[in-house]
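Residue-level listing of the chains:
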Amino acid sequence: MSIVTGTGTAAAAVQIVGARKSFGDKQVLKGIDLTIEPGTVTAILGPSGSGKSTLLRAVNHLEKLDGGYVVVDGELIGVHLVGNRLKELHEKQILRQRARIGFVFQNFNLFPHLTVLENVTEAPVSTGLLPKAAARERALELLAQVGLSDKADAFPRHLSGGQQQRVAIARALALDPQLILFDEPTSALDPELVGEVLAVIRRLAETGRTLVVVTHEVGFAREVADHVVFLDAGVVVEEGTPDDVLGNPQHARTRDFLSRVL
Ligand code: ADP
Ligand code: MG
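The rules behind the values
Residues numbered from 1 in each chain as written. Chains lettered and ligands numbered in written order. Predicted model: local features only at pLDDT ≥ 70, side-chain atom pairs only at ≥ 80, totals over all residues. Heavy atoms only, no water. UniProt positions renumbered as here; feature names shortened; annotations may be inferred. Helix = DSSP H or I, 4+ residues; strand = E, 2+ residues; numbered from the N terminus. Pairing = 2+ DSSP bridges. Axes fitted to C-alpha atoms, helices over the stretch in contact; angles between N-to-C directions. Near = heavy atom within 4 Å. Polar contact = N/O pair within 3.5 Å; in protein donor to acceptor, adjacent residues only side chain to side chain. Areas by Shrake-Rupley, 256 points an atom, 1.4 Å probe, with all protein chains shown as cover. Nonpolar A, V, L, I, M, F, W, Y, C, P; charged D, E, K, R; others polar. Core = buried A, V, L, I, M, F, W, Y, C linked by side-chain atoms within 4.5 Å. Buried < 20%, exposed > 50% of the residue type's maximum accessible area, 1.4 Å probe, protein only. Contact = heavy atoms within 4.5 Å.

A. The arrangement of the UniProt feature "domain: ABC transporter" (unreviewed entry) in the chain in detail. In the numbering used here, UniProt assigns the "domain: ABC transporter" (unreviewed entry) feature to residues 14–258. Regarding residues 14–258, the helix share stands at 36% and the strand share at 28%, and the terminal C-alpha atoms are separated by 26 Å.

B. Highlighting the sheet that holds strand β9 (residues 179–183). If you walk across this open sheet you meet the six strands as β8-β9-β10-β3-β11-β12, and the pairing is mixed. Strands at the two margins of the open sheet, each flanked by one partner only, are β8 (101–104) and β12 (235–240). Pairs of neighbouring strands in the sheet enclose a mean axial angle of 15°, with direction left out of account. Pairing analysis gives five bridges linking β9 to strand β10 (residues 210–214), with the strands arranged parallel.

C. The arrangement of the site of ligand 1 in detail. The immediate surroundings of ligand 1 are formed by Phe23, Lys26, Val28, Pro47, Ser48, Gly49, Ser50, Gly51, Lys52, Ser53 and Thr54. In the model, an oxygen atom of ligand 1 is placed 3.0 Å from a nitrogen or oxygen of the glycine 51 main chain. In this structure, an oxygen atom belonging to ligand 1 sits 2.6 Å away from a side-chain N or O atom of threonine 54. In the complex, the protein chains occlude 60% of the 560 Å² of accessible area that ligand 1 would expose alone. Elements with a contribution of two residues or more to the shell around ligand 1: β2 (26–36) and α2 (52–59). The element best represented in the shell around ligand 1 is α2, accounting for three residues. In terms of residue class, the shell around ligand 1 is built from three nonpolar, six polar and two charged.

D. Expanded view of the environment of arginine 260. By the element assignment, arginine 260 lies in helix α10 (residues 252–261). Residues arginine 260 and phenylalanine 155, spaced 105 residues apart in sequence, show a C-alpha to C-alpha distance of 37 Å.

E. Structural context of the nonpolar core. Among the nonpolar cores identified, the biggest contains 49 residues, and Leu45, Val120, Leu143, Ile169, Phe182, Ile201 and Leu211 are the most heavily contacted of them. Here the element with the most residues in this core is helix α7 (residues 191–204); it accounts for seven residues. The contact partners of isoleucine 201, leaving out residues within four places of it in the chain, are Ile169, Phe182, Pro185, Leu211, Val213 and Phe220. With 26 residues, the next largest nonpolar core counts Ile36, Leu56, Ala58 and Ile77 among its residues.

This is the structure we're talking about:
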């Protein structure tokens, strides 16, 4: 396998090359190539089961690829090159890489036994990035940014879904990642709570970070994304600007999907 590193990919925030993944005999990713430029917002759309979560999870090695590789900010993820072969990194190195990538899950995944504030301070304290007092100060700032200053001492179960997801976003920001991955961040929410979460992501898009958002919110993608990727059955069917992919889709599968979600 030839690994493209150096000038070709150093400028990309994320480079996915020939990503393949099967579960049993089901091939879920069938050779995905994708380049994500720094500071941009990429929306990934596609039917349920098309491989969106698997692809996103592969970017921070929550899923191990069967073939191909991912480069984030010039660094291979989860593996390193020994001779001309890719070998798995040690768990500690994988954790270090993961700490640089924010991940926001569909179902929030907050620690239920920790308060909102503790959820946000957990990573910076446990990784040793910040002493407790500084982590607390930063967490309070982040909670203010997502409009939840008054919930610092509450437990997740006492919050609405929209509030929980905003805490999850504050938690993802706690280690100040330049890259944040969102896996259907509003799909588990009641419709009236979707807007408050999208508003937080919209503001984040203006901070120069690189955001990758798997979403069915076509209006949001159209408004906020720089780049739209349509995935179906484990392949990138088409990608381009929101105007191209959402306004003038070239493929029947994209048109069919859009007609169902719009
Ligand atoms: P999407 O996020 O686009 O809905 P996923 O990436 O979650 O799709 O899943 C793609 C396919 O892979 C689905 O058929 C799903 O059932 C299957 N799949 C995902 N994760 C696993 C797993 N851990 N074990 C077995 N099958 C899985
Ligand atoms: Mg999914």
